[in-house]
Amino acid sequence: MAYTTLYNDIVFIEGNNEDANIVGNINSDLSFKIGAQLKNLNDVKQDMAIKAKALGANCILDFTYGQKSRWLAIDDVAFYGKGKAAILPSNIYEELVNKVKNRHS
């Protein structure tokens, strides 16, 4: 099973889920945002969660993320993320949410 997290009611899956219906690709690149060097992975997830919800999705599949150096700034890095917005059936969504919450308790 792929690593799964929950952020702002969106399930982030670092892999696939055969029960999900993909509704679109989404990405987040904080490189050109003011204060990009102060942003972190949660800022990427927040941006992606907003985009996923706008598509009616409740999860992001094939979620990948990282940091990259900004070409014009010597000591400046920024976070990015990408994945596929998807809709999980409510029973699968609830099961994954409960697994994530139980892992943290």
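In what follows, the structure referred to is the one given above.
Position numbers for residues start from 1 in each chain and track the written sequence from start to end. Where totals are concerned, whole chains, interfaces and linings use all residues; where local detail is concerned, this predicted model gives features only for residues with pLDDT of at least 70, and gives and counts side-chain atom pairs only at 80 or more. Excluding hydrogens and water, the side-chain figures rest on all heavy atoms present in the structure.

1. A few points about a nonpolar patch on the surface
Item 1. Residues forming no salt bridge and having over 30% relative accessible area are the ones grouped into patches, like charges within 9 Å of each other and nonpolar side chains (Val, Leu, Ile, Met, Phe, Trp, Tyr) within 5 Å. Accessible surface is estimated by sampling points in the Shrake-Rupley manner with a 1.4 Å probe; for residues, cover comes only from the protein chains shown. Here, a salt bridge means any side-chain nitrogen of Lys or Arg that lies within 4 Å of a carboxyl oxygen of Asp or Glu. On the surface, a cluster of nonpolar side chains totalling about 200 Å² of accessible area is made up of Val 23, Leu 55 and Ile 87.
Item 2. Each helix is a run of DSSP H or I of at least 4 residues and each strand a run of E of at least 2, with the numbering of both proceeding from the N terminus. Mapping Leu 55 onto the fold places it in the loop between helix H1 (41-54) and strand E4 (59-69).

2. Considerations on the pairing of strand E5 (residues 77-87)
Item 1. Strands qualify as paired when DSSP identifies two bridges or more between them. Sheet analysis places strand E3 (residues 21-29) next to E5, joined by eight bridges and oriented antiparallel. Of the residues in E5, the one forming a bridge with Asn 21 is Ile 87.
Item 2. The pairing of E4 with E5 spans nine bridges and is classified as antiparallel. Bridge pairing links Tyr 65 to Gly 81 in E5.

3. Considerations on the nonpolar core
Item 1. To define a nonpolar core, start from buried Ala, Val, Leu, Ile, Met, Phe, Trp, Tyr and Cys residues and group those joined through side-chain atoms within 4.5 Å. The rule is simple: take the accessible area with a 1.4 Å probe, protein chains only, and divide by the maximum for that residue type; under 20% is buried, over 50% is exposed, in between is partly exposed. Counting residues in hydrophobic clusters, the biggest one holds 13 residues, and the most contacted among them are Ile 10, Phe 12, Ile 26, Met 48, Ala 52 and Ile 60.
Item 2. Counting only elements with at least two residues in this core, the list comes to strand E2 (10-13), H1, E4 and E5.
Item 3. Per-element accounting of this core gives the leading share, four residues, to H1.
Item 4. We call two residues in contact whenever any of their non-hydrogen atoms come within 4.5 Å of each other. Among all residues touching Met 48, those that are not within four sequence positions of it are Phe 12, Ile 26, Asn 27, Ser 28, Ile 60, Phe 63, Gly 81, Lys 82 and Gly 83.
Item 5. By size, the runner-up hydrophobic cluster in this structure holds eleven residues, among which are Val 11, Ala 20, Leu 88 and Val 97.

4. Considerations on the sheet that holds E4
Item 1. Reading across the sheet, the five strands line up as E1-E2-E4-E5-E3 and stay open at both edges, with mixed pairing between neighbours. The strands lining the two open edges of the sheet, one partner per strand, are strand E1 (4-7) and E3. Averaged over all pairs of adjacent strands, the angle between their axes in this sheet comes to 30 degrees, without regard to strand direction.
Item 2. Sheet topology note: the E2/E4 ladder contains two bridges and is parallel. Opposite Val 11, over in E4, you have Cys 59 as the bridge partner.
Item 3. Fitted lines through C-alpha atoms give the axes, limited to the stretch in contact for helices. The angle between two N-to-C directions lies from 0 to 180 degrees. On top of the sheet, H1 reaches E1, E2, E3, E4 and E5; it is set at about 140 degrees to E3, its chief contact.

5. Considering H1
Item 1. Under the convention used throughout, the expected extent of a helix is 1.5 Å for every residue step, that is, one less than its residue count. In this model H1 runs 20 Å from its N-terminal to its C-terminal C-alpha over 14 residues, within 8% of the 20 Å that 1.5 Å per residue would give.
Item 2. Those residues of H1 that fall on the buried side of the exposure criterion are Val 44, Lys 45, Asp 47, Met 48, Ala 49 and Ala 52.
Item 3. Contacts made by the buried residues of H1 are with E1, E2, E3, E4 and E5.
Item 4. Positive backbone phi, at 80 degrees, marks Gly 56, one or two positions downstream of H1.

6. Things to note about unusual backbone geometry
Item 1. Positive phi outside glycine occurs at Asn 8, with the angle close to 55 degrees.
Item 2. Checked against the element boundaries, Asn 8 lands in the loop between E1 and E2.
Item 3. Using a relative accessible area of 34% as the deciding quantity, one classes Asn 8 as partly exposed.
Item 4. For Asp 9, which is not glycine, the phi dihedral falls at a positive 70 degrees.
Item 5. Within the element layout of this structure, Asp 9 appears in the loop between E1 and E2.
Item 6. Here Asp 9 falls in the exposed class, since its relative accessible area comes to 51%.

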